[in-house]
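Working through the structure, step by step
Chain by chain, the residues run as shown.
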Amino acid sequence: MKILTVVGARPQFIKCAPVSRALRKEHEEVLVHTGQHYDREMSDLFFEELGIPRPDHNLGIGSGTHGHQTGAMLAGIEDLILQEEPDCVLVYGDTNSTLAGALAAAKLHVPVAHVEAGLRSFDRRMPEEINRVLTDHCSDLLLAPTRTAVENLASEGITRGVHLTGDVMVDALLDHAEQARRSSFLDDLGLTAGEYRLATVHRAENTDDPEKLTAIVRALTEIGNIVLPCHPRTEKMLKSFWLWEEANEGIRIISPVGYLEMLALEAGAAQILTDSGGVQKEAYVLGVPCITMRESTEWVETVQDGWNVLVGSDYGAIVRAAREFVPEKERSDVFGKGDAAAVIARVIREMEI
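Residues numbered from 1 in each chain as written. Predicted model: local features only at pLDDT ≥ 70, side-chain atom pairs only at ≥ 80, totals over all residues. Heavy atoms only, no water.

Comment: phi is negative for the bulk of residues other than glycine, and the bulk of peptide bonds are trans. If you check the backbone angles, Asn225 has positive phi at about 55 degrees while not being a glycine. Looking at the element boundaries, Asn225 is found in the loop between helix H10 (210-223) and strand E9 (226-229). (Helix = DSSP H or I, 4+ residues; strand = E, 2+ residues; numbered from the N terminus.)

In structure tokens form, the structure reads like this:
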């Protein structure tokens, strides 16, 4: 089969790596990069570290409003589908690249396969939630990472084409965890495993709201001993809200890091404070307590199993959780055992077109 894969953002590069390897054993893959993430630290570095083939097409869309960005991607992907004539279009996750790829394919009557189908935070204020729902409802193959995701789809009347695959981020993590642990990155930063906390902040609901971002910065400063790889969007908003100097005084801010460096930071952290879905999941798999600075999460299993706590952007809740939260339950293999890419390749191979 000829599969056109659409990626555009950092988490999608990670998910794509194991799946692309599995697909290329028996299929032809055309890799399309929308350019949603375009800085070297947010894009090229991941292709190099994870051994992902260079994109066959790069649309170079860049940043912009949701409507502008999605519309530009939709037009560019449509042209490529007409040019490449794939048997299937494969999309990942919940970004504007995901929705644009799914809509372009569906309107041209090309089957859509969605990796991470069925995730729901049930917060329609999040653009990612809108992207997830719309993508699922125009997909032919719904590749669900967990049983909860399968149940979410069934509750919306989607049962045809649904497959429980496990989570491909577990595949990627297991492939690279040992290499990350052996790296000298913590030593290079002067960090000792278990003696620092790791934070990430990039969601628009936090970064674009001055009150929320101020509360988060001041909570992280109060907690202390925080290392924060700073997303370009976050740096821009910290400076826009006159918080950049205050943040640097109380938090150790470093440049964005590659996948292996991030795994090393996550594995060595005493706690992780984040608003990232992927980081919540990686913290769970690595056995690191996670404090999520959001009101909801699509990875509900991490909360149900007691390894993740939701605190929103409330200063007091963030500080209390950092001081008091200790997981009391055992972790499970709720996200699979690291064979999701092989399952996805098999499901696509057996797909009726």
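A sheet is described by the order of its strands in space; here 6 strands give the open sequence E10-E9-E8-E11-E12-E13, paired in parallel fashion. Edge positions in the sheet fall to strand E10 (252-254) and strand E13 (308-310), since each has one partner strand and no second. For this sheet, the mean angle separating the axes of adjacent strands, direction not counted, is 20 degrees. In this structure, strand E8 (residues 197-200) lies alongside strand E11 (residues 271-274), joined through 4 bridges in parallel fashion. Bridge pairing in E11 places Thr200 opposite Thr274. Taken strand by strand, helix H13 (residues 259-268) contacts E8, E9, E10 and E11, and its axis lies near 130 degrees from that of E8. (Pairing = 2+ DSSP bridges. Axes fitted to C-alpha atoms, helices over the stretch in contact; angles between N-to-C directions. Contact = heavy atoms within 4.5 Å.)

Structurally, Met1 is set in the segment before strand E1 (2-7). Spatially, the C-alpha atoms of Met1 and Gly268 are 42 Å apart, while their sequence positions differ by 267 residues.

As a further point, take the sheet that holds strand E4 (residues 88-92). Across the sheet, which stays open at both edges, the 7 strands sit in the order E3-E2-E1-E4-E5-E6-E7 with parallel pairing between neighbours. Each edge of the open sheet is held by one strand with a lone partner, namely strand E3 (57-58) and strand E7 (162-164). Across 3 bridges, the pairing between strand E6 (residues 141-144) and E7 is parallel. Bridge assignment links Leu143 to a residue of E7, and that residue is His163. Each of E6 and E7 is contacted by helix H6 (residues 147-155), which is oriented at about 165 degrees to E7, the strand it contacts most.

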